[in-house]
Amino acid sequence: MMGLLTAAPRHVVAGITKLTSLQAEAVFWVFWYGLMKGYSFSNLTWMCQQMILETGWGGSPLLVQNRNAFGMSCTNSPASTQVGCTQLNDGNTNGIYRTIQSSVKDRFMWDEKRFTEPYEHRKESTYPEVVAKRFYPDSPVVYGATVGSINVNPVWVALTVFGLFVPFEVLAIVKVIK
């Protein structure tokens, strides 16, 4: 449904920002799920920066082919929406997702169900540090600084979130009128 309903707004937002269409969709879902789960706006913005880093500004095959917005490795956890797994050249693994939405949903499930400490810090300024320590224990400061150095313009975040939300609003109004 997300693809059909928001295809045109997604491409408009992608054209205005440096985001690819897939990243614009991922940013929308990051804010959709994150705000519902009580994450702070600054932590959701940091999560978008992380997504940009992990997908090479949307050009990575991990995003394009595997619909993996965060470079998440394969898991056999029941708390996952992965539909497959791929072996990378460096020996690591990468999860495959049916949709960008399911990949983003998984990112939040990893915080909440698999590694509870990040979820406990979702409203606090310490969230980026906790995530960096959890997923990059050998170099959390470097990873955190690298993610934090990615320029995320609040205007494109607003354009993405609200530009993609409008079709949902229109659909809801149409359903109410009928």
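Because the structure is a prediction, the values reported are computed rather than measured.

**A look at the pairing of strand E2 (residues 93–96)**
Note: strand E1 (residues 84–87) against E2, four bridges, orientation antiparallel. Its bridge partner lying in E2, Cys 85 is registered against Gly 95. Here E1 folds back onto E2 in antiparallel fashion, the turn holding five residues, of which Gly 91 has a positive phi close to 95°.

**Thoughts on the environment of Leu 22**
Structurally, Leu 22 can be placed in helix H2 (residues 21–36). Here Leu 22 falls in the buried class, since its relative accessible area comes to 16%. The contact partners of Leu 22, leaving out residues within four places of it in the chain, are Leu 63, Val 64, Arg 67 and Ile 100.

**Side note on the environment of Asp 111**
Looking at where Asp 111 falls in the secondary structure, it is placed in helix H5 (residues 100–114). You can call Asp 111 buried: its relative accessible area is 0%. Along the chain, Asp 111 and Val 131 lie 20 residues apart, while their C-alpha atoms are 8.5 Å from each other. Those residues in contact with Asp 111 that sit more than four places away from it in its chain are Tyr 39, Met 47, Thr 116, Pro 118, Tyr 119 and Tyr 127. In this structure the side chain of Asp 111 is engaged in a polar contact, spanning 2.8 Å, whose partner is the side chain of Arg 107.

**A closer look at the state of the cysteines**
A disulfide bridge is the covalent bond that connects two cysteines by way of their sulfur atoms. Inspection of every chain in the model, using the stated rule, returns one disulfide. Note that Cys 74 is cross-linked by a disulfide to Cys 85, the S-S spacing being 1.8 Å. Taking the sign of the S-S torsion, 105° for the link of Cys 74 and Cys 85, the bridge is right-handed. Here Cys 74 is found in the loop between helix H4 (61–64) and E1, whereas its partner Cys 85 is found in strand E1, with 11 residues between them in sequence. Under the relative-accessibility criterion, Cys 85 is labelled partly exposed at 45%.

**Some details on the pattern of salt bridges**
Per the stated rule, a full pass over the model turns up three salt bridges. Salt-bridge contacts for Glu 112 lead to Lys 113; the nearest nitrogen and oxygen are separated by 4.0 Å. A cluster of three or more residues bridged by salt bridges with shared partners is formed by Lys 37, Glu 112 and Lys 113.

**Description of unusual backbone geometry**
Excluding glycine, most residues fall at negative phi; most peptide bonds, likewise, are trans. The backbone of Trp 57 sits at a positive phi, close to 60°, despite the residue not being glycine. Examined against the element boundaries, Trp 57 turns out to sit in the loop between helix H3 (41–54) and H4. One non-glycine residue, Arg 67, lies in positive phi territory at about 55°. Mapped onto the secondary structure, Arg 67 falls in the loop between H4 and E1.

**Remarks on the packing of H3 against helix H7 (residues 127–135)**
With their axes 10 Å apart at the nearest point, H3 and H7 run at an angle of 35° to one another. Taken together, the residues of H7 that come into contact with H3 (itself represented by Asn 43, Trp 46, Met 47 and Gln 50) are Tyr 127, Pro 128 and Val 131. Tallied by class, the residues present in the contact of H3 with H7 amount to five nonpolar, two polar and no charged.

Definitions and limits used
- Residues numbered from 1 in each chain as written.
- Predicted model: local features only at pLDDT ≥ 70, side-chain atom pairs only at ≥ 80, totals over all residues.
- Heavy atoms only, no water.
- Pairing = 2+ DSSP bridges.
- Helix = DSSP H or I, 4+ residues; strand = E, 2+ residues; numbered from the N terminus.
- Buried < 20%, exposed > 50% of the residue type's maximum accessible area, 1.4 Å probe, protein only.
- Contact = heavy atoms within 4.5 Å.
- Polar contact = N/O pair within 3.5 Å; in protein donor to acceptor, adjacent residues only side chain to side chain.
- Disulfide = S-S within 2.5 Å.
- Salt bridge = Lys/Arg side-chain N within 4 Å of Asp/Glu carboxyl O.
- Axes fitted to C-alpha atoms, helices over the stretch in contact; angles between N-to-C directions.
- Nonpolar A, V, L, I, M, F, W, Y, C, P; charged D, E, K, R; others polar.

What is shown is where atoms sit, not what they do.
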